[in-house]
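Each chain, letter by letter, is given below.
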Amino acid sequence: MARFSIPMIGFLLLCIILLAPTEAAYLKYKDPKQPLNVRIQDLMKRMTLEEKIGQMVQIERSVATPDAMTKYFIGSVLSGGGSVPAPKASAEAWVNLVNGIQKGSLSTRLGIPMIYGIDAVHGNNNVYNATIFPHNVGLGATRDPKLVKKIGEATALEVRATGIPYVFAPCIAVCRDPRWGRCYESYSEDHKIVQAMTELIPGLQGDMPPSAQKGAPFVSTAKGKVAACAKHYVGDGGTTKGINENNTVIDLNGLLSIHMPAYFDSILKGVATVMVSYSSWNGKKMHANQELVTGFLKNKLRFRGFVISDWEGIDRLTSPPKANYSYSVQAGVSAGIDMIMVPYNFTEFIDDLTNQVKNNIIPMSRIDDAVRRILRVKFVMGLFEEPLADLSLVNELGKKEHRELAREAVRKSLVLLKNGKSADKPSLPLPKKAGKILVAGSHADNLGNQCGGWTITWQGLGGNDLTVGTTILNAVKSAVDPTTQVVYNENPDANFVKSNKFDYAVVVVGEPPYAETFGDSLNLTISEPGPSTIANVCGAVKCVVVVISGRPVVIQPYLAKVDALVAAWLPGTEGQGVTDVLFGDYGFTGKLAHTWFKTVDQLPMNVGDQHYDPLFPFGFGLTTKPTKSY
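Residues numbered from 1 in each chain as written. Predicted model: local features only at pLDDT ≥ 70, side-chain atom pairs only at ≥ 80, totals over all residues. Heavy atoms only, no water.

**Re the overall build of the protein chain**
Looking only at helices and strands, the protein chain has 21 helices and 17 strands in total. For 630 residues, the compact-globule estimate of 2.2 N^0.38 gives 25 Å, and the C-alpha radius of gyration of the protein chain, at 27 Å, lies within 12% of that figure. Summarising its shape, the C-alpha atoms of the protein chain cover approximately 115 × 50 × 40 Å along the three principal directions. Per-residue burial over the protein chain gives 61% buried out of 630 residues. (Helix = DSSP H or I, 4+ residues; strand = E, 2+ residues; numbered from the N terminus. Rg over C-alpha atoms; globule rule 2.2 N^0.38 Å. Buried < 20%, exposed > 50% of the residue type's maximum accessible area, 1.4 Å probe, protein only.)

See the structure below:
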């Protein structure tokens, strides 16, 4: 046996003492060079039950105090619709808010960063001065997935500008009935168009490398990318009479062939998360549907990201909501939901779930599955390496290039439904040079109406103090020749129109802003004074009617009166996109992605139906050529 001298033993002891802190400080899960699964396993074996359950909880910004984050190990925070640091808050204010909450998470024993999520469904729509792109109903009419991918890229930059790494988009619902209040969140009634528009996902997250594992979440760690969320799984656009959160009655083959295909595409493109729908399938609530959430999405499609509930989604498993909360917790978590959006009453959820695990009602394996998936997304997106946002992207918010992209999207989304009382005398494009023209209608000078719901607030808001953008009226004024007199009268009477000898009129009418259930409509009529304005103006002068709506609406009664009719959907902040096409700088190219019905009695009516008798069929859209001279 070798002998050591006393000095040598002393030297070795000193080395051990010096090295010990370094060895103790090395944690595999904090080492980005370690394989992903090694990092996940290393972290999970260090976590207590309380820390694991905390990861499964998403709470609202307004209750996300540093104390709540540290005490309950909260895994995620969100801004609900309209939940902001302050009215008209700057990008810097948002970054400071998110970082303040994150510092609470980082101060915990294991320092697991929280992930902050926001509804960025048509741009970073909660945030003042953000570029508001057309809603999905308009983007479907463009038939342009490359454009939609660019919108994803721009949206990701504007979201990261505010320090946020996660968005609840895209909505890949297939709207089969325009009576549904969320129809404007759907690209089309045709799943093929919805599938094509999943290009938003690589726009938001980055392109998935060919070598990546299919079904695994992918979020590029390059600056300016965010985690995406495909929603609402599954069948949300097929409910009876389009009633929001209601029952989709369809056989398995129909569900798989109409409502499921876009989820295949989303998963192949590496979508990080999937949100479960409030709706039911054949009477079974999706938030409790283990066969479809775990059996199909996780096991058959091999989705490896995390599944998130909708806002208080498990509460609504009972009627009235929260009537039996323990049942709701058990049913939702057992179904396979990994992260539960419990905006406010999160301690009750944590206590209930903890109790159920300790009493073997919910197995530990289910908790581990959920936490593994949440950590996988956090590791993949680089959240452990860069948990705090900086201010380097603040100038991306509402920047000129993004507004130009939104303007292009507006141009391409417009669908020309009628052009002239006879085919040989088209009304559009309009001449820029005229003596005097009239602009009228409730939506002509109203940025809030133009943007629709999910804009700054949850339901949206009428008026021009909402955010920064260009109304259609101001766009008309900029587009016409300087010698052309533009007269604006929101709701003129017939005498005013007749006595003023206008060359022509542009009438902009439509739906008020709404979101979700508040938008459900069984009559789909344009609200007054829209119809009166059409009658008063179009009865006295050549007129173009521009309809601002989240879906096809009743227009057959007015069709004969109008010279030209344009479906402009919900175009967002860049009203110049409308005038670019009205005045012939660009041609009309948009095609209907939703069938336009004659009367609501025909609904639901979709392309391919046996008795298909629309006012304007799916795919319809007149075209015009750009004009150089007027």
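**Re the nonpolar core**
Core analysis: the largest hydrophobic core is formed by 119 residues, its most contacted members being Tyr-233, Phe-349 and Leu-353. Tallying contributions element by element places helix 15 (residues 364-380) first for this core, with seven residues. Setting aside its immediate chain neighbours within four residues, Tyr-233 contacts Met-260, Tyr-263, Val-274, Met-275, Val-276, Ser-277, Met-286, Leu-292, Val-293, Phe-296 and Leu-297. Membership of the second largest hydrophobic core comes to 66 residues, among which are Ala-479, Tyr-504, Leu-565 and Val-581. (Core = buried A, V, L, I, M, F, W, Y, C linked by side-chain atoms within 4.5 Å. Contact = heavy atoms within 4.5 Å.)

**Digging into the pattern of salt bridges**
With the rule as written, the count across this model stands at 33 salt bridges. A salt bridge links Lys-412 to Asp-144; the nearest nitrogen and oxygen atoms lie 3.2 Å apart. With Lys-412 in helix 16 (residues 400-413) and Asp-144 in the loop between helix 6 (136-142) and helix 7 (145-160), this pair connects stretches of sequence that are 268 residues apart. On the basis of relative accessible area, Lys-412 is assigned to the partly exposed category, the value being 27%. Among the salt bridges present, the one from Asp-207 reaches Lys-149, with a minimum N-O distance of 2.8 Å. Residue Asp-207 is located in the loop between helix 9 (200-205) and strand 5 (229-233), and its partner Lys-149 is located in helix 7; the two are separated by 58 residues in the primary sequence. According to the relative accessible area criterion, Asp-207 is exposed, its value standing at 51%. For Lys-149, a relative accessible area of 18% gives the class buried. A network of salt bridges, in which partner residues are shared, links Lys-298, Asp-338, Arg-366, Asp-369 and Arg-373. (Salt bridge = Lys/Arg side-chain N within 4 Å of Asp/Glu carboxyl O.)

**Considering the sheet that holds strand 7 (residues 273-276)**
Strands sit in the order 5-7-10 across an open sheet of three strands; the sheet is parallel. A single partner strand is all that each edge strand has here, and the edge strands are strand 5 and strand 10 (306-308). Across the sheet, the mean angle from the axis of one strand to that of its neighbour is 25 degrees, orientation sign disregarded. Relative to strand 7, strand 5 runs parallel, the two sharing four bridges. Bridge pairing links Ala-230 to Val-274 in strand 7. Here helix 12 (residues 290-300) sits on the sheet and contacts strand 5, strand 7 and strand 10; the angle it forms with strand 5, its principal contact strand, is near 140 degrees. (Pairing = 2+ DSSP bridges. Axes fitted to C-alpha atoms, helices over the stretch in contact; angles between N-to-C directions.)

**A word on the state of the cysteines**
The final tally for this structure, using the stated rule, is two disulfides. Put simply, Cys-175 and Cys-183 are joined by a disulfide, and their sulfur atoms are 2.1 Å apart. Since a negative S-S torsion denotes a left-handed disulfide, the Cys-175-Cys-183 link at about -105 degrees is left-handed. Judged by its relative accessible area of 2%, Cys-175 is buried. Linked covalently through their sulfurs, Cys-538 and Cys-543 form a disulfide whose S-S length is 2.0 Å. Taking the sign of the torsion about the S-S bond as the criterion, the disulfide between Cys-538 and Cys-543, at about 110 degrees, is right-handed. A relative accessible area of 1% places Cys-543 in the buried class. Regarding the disulfides, the protein chain carries the connectivity 1-2, 3-4 under sequence-order numbering of its bonded cysteines. In this model Cys-171 remains outside any disulfide bridge; the closest cysteine sulfur is found in Cys-175, 9.4 Å from its own. (Disulfide = S-S within 2.5 Å.)

**Concerning the packing of aromatic side chains**
A full pass over the atoms with the stated rule returns twelve aromatic pairs. A centroid spacing of 6.0 Å and a plane angle of 75 degrees characterise the contact between Tyr-166 and Phe-306, whose relative ring orientation is edge-to-face. Separated by 140 residues along the polypeptide, Tyr-166 in strand 4 (residues 166-167) and Phe-306 in strand 10 bring together distant segments of the chain. Residue Tyr-166 shares its accessibility class with Phe-306, and that shared class is buried. The interplanar angle of 55 degrees and the centroid separation of 5.5 Å between the aromatic rings of Tyr-184 and Tyr-514 together place this pair among those described as tilted. In this pair, Tyr-184 is assigned in the loop between strand 4 and helix 8 (191-196) and Tyr-514 in the loop between strand 15 (504-510) and helix 20 (530-538), connecting sequence segments 330 residues apart. Taking relative accessible area as the criterion, Tyr-184 reaches 1% and is therefore assigned buried. Assessed through its relative accessible area of 8%, Tyr-514 is described here as buried. An aromatic cluster is defined as three or more aromatic residues linked by ring pairs; in this entry it consists of Tyr-29, Phe-379 and Phe-384. Here the guanidinium or amino end of Lys-322 rests over the ring plane of Tyr-325, the centre of that ring lying 5.0 Å away. The ring of Tyr-586 carries Arg-411 above its face, with NZ or CZ at 3.8 Å from the centroid. (Phe/Tyr/Trp six-rings, centres within 6.5 Å; stacked < 30°, edge-to-face > 60°. Lys NZ or Arg CZ within 6 Å of the ring centre and 35° of its normal.)

**A few points about the confidence of the model for the protein chain**
Across the protein chain, the average pLDDT comes to 95, with 96% of residues at or above 70. pLDDT under 50 marks residues 1-23. Its contacts with residues more than four places away, or in other chains, come to two contacts. (pLDDT = per-residue confidence, 0-100.)

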